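Topology and contacts: notes
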Amino acid sequence: MNKIIYSLVALGIAACGIESSAQDVSGKVKGHPYVDLGLKSGIKWATCNVGAKKVTDKGDYFAWGEVKPKGIYSWSN
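In this report, the structure presented in the accompanying data block is examined. Quick caveat, the model's predicted, so the values are computed rather than measured. Here, residues in each chain are numbered from 1, in the same order as that chain's written sequence. Totals for whole chains, interfaces and linings use every residue, but because this is a predicted model, local features are given only for residues with pLDDT of at least 70 and side-chain atom pairs only at 80 or more, for both listing and counting. Values reported for side chains reflect all heavy atoms of the structure, with hydrogen atoms and water molecules removed beforehand.

Considering unusual backbone geometry
In the Ramachandran plot, K30 falls in the positive-phi region, its phi being about 50° despite a non-glycine side chain. Put simply, DSSP marks the helices as runs of H or I at least four residues long and the strands as runs of E at least two long, and each gets a number from the N terminus on. Within the secondary structure, K30 is located in the loop between β1 (27-29) and β2 (32-36). Per-residue accessibility, obtained with a 1.4 Å probe over protein chains only, is compared with the maximum for each type, and a residue is labelled buried under 20%, exposed over 50%, and partly exposed between these values. Residue classification places K30 among the exposed residues on the basis of a relative accessible area of 79%.

Structure (structure tokens):
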């Protein structure tokens, strides 16, 4: 019984670690791909963060209301 439980837990952890890079790109806006989630608002979602080159990149850091990315992002700035 313990082997079954450990196997299921290991399988769950492995499944969570698998990166899903498959996306149905609906189109592009100014060269940036987006996904249309079919929301009533019509909002389109970017396939990655601002400043990121691929889905797994973090992208740039911005403070609230700023339009230029920060080189260093901390509580002091």
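Structure shown, so let's carry the discussion forward.
Some remarks on the pattern of salt bridges
Just to be clear on terms, a salt bridge is a Lys or Arg side-chain nitrogen sitting within 4 Å of an Asp or Glu carboxyl oxygen. Summed over the entire model, instances satisfying the criterion amount to one salt bridge. Among the salt bridges present, the one from E66 reaches K70, with a minimum N-O distance of 3.5 Å. A residue is classified by how much of its surface remains accessible, and E66, at 37% relative accessible area, is partly exposed. Here K70 falls in the buried class, since its relative accessible area comes to 19%.

A look at a nonpolar patch on the surface
Residues enter patches when their relative accessible area tops 30% and they take part in no salt bridge; the joining distance is 9 Å for like charges and 5 Å for the nonpolar side chains Val, Leu, Ile, Met, Phe, Trp and Tyr. Calculation of accessible area relied on Shrake-Rupley with a 1.4 Å probe; when residues are assessed, cover is drawn exclusively from the protein chains displayed. Taken together, the side chains of L37, L39, I43 and W45 present a nonpolar region at the surface, about 400 Å² in accessible area. Considering the arrangement of structural elements, one finds L37 in the loop between β2 and β3 (44-46).

So, the sheet that holds β1
The criterion for strand pairing is that DSSP finds at least two bridges linking the strands in question. With antiparallel pairing, the three strands of this open sheet are ordered in space as β1-β2-β3. Each having just a single partner strand, β1 and β3 make up the two edges of the open sheet. Between one strand axis and the next, the sheet turns by 50° as a mean value, whatever way the strands run. Relative to β2, β1 runs antiparallel, the two being bridged by three bridges. Residue G27 lies in a different strand from β2, and its bridge partner there is Y34. The axes used here are C-alpha line fits, helices contributing only the stretch in contact, and every angle between their N-to-C directions lies in the interval 0 to 180 degrees.

Concerning the environment of K58
With respect to the helices, strands and loops of the structure, K58 is situated in the segment after β3. Of the residues examined, K58 reaches a relative accessible area of 65% and is grouped as exposed. Measuring from C-alpha to C-alpha, the distance between K58 and C48 comes to 8.5 Å, with ten residues separating the pair along the chain.

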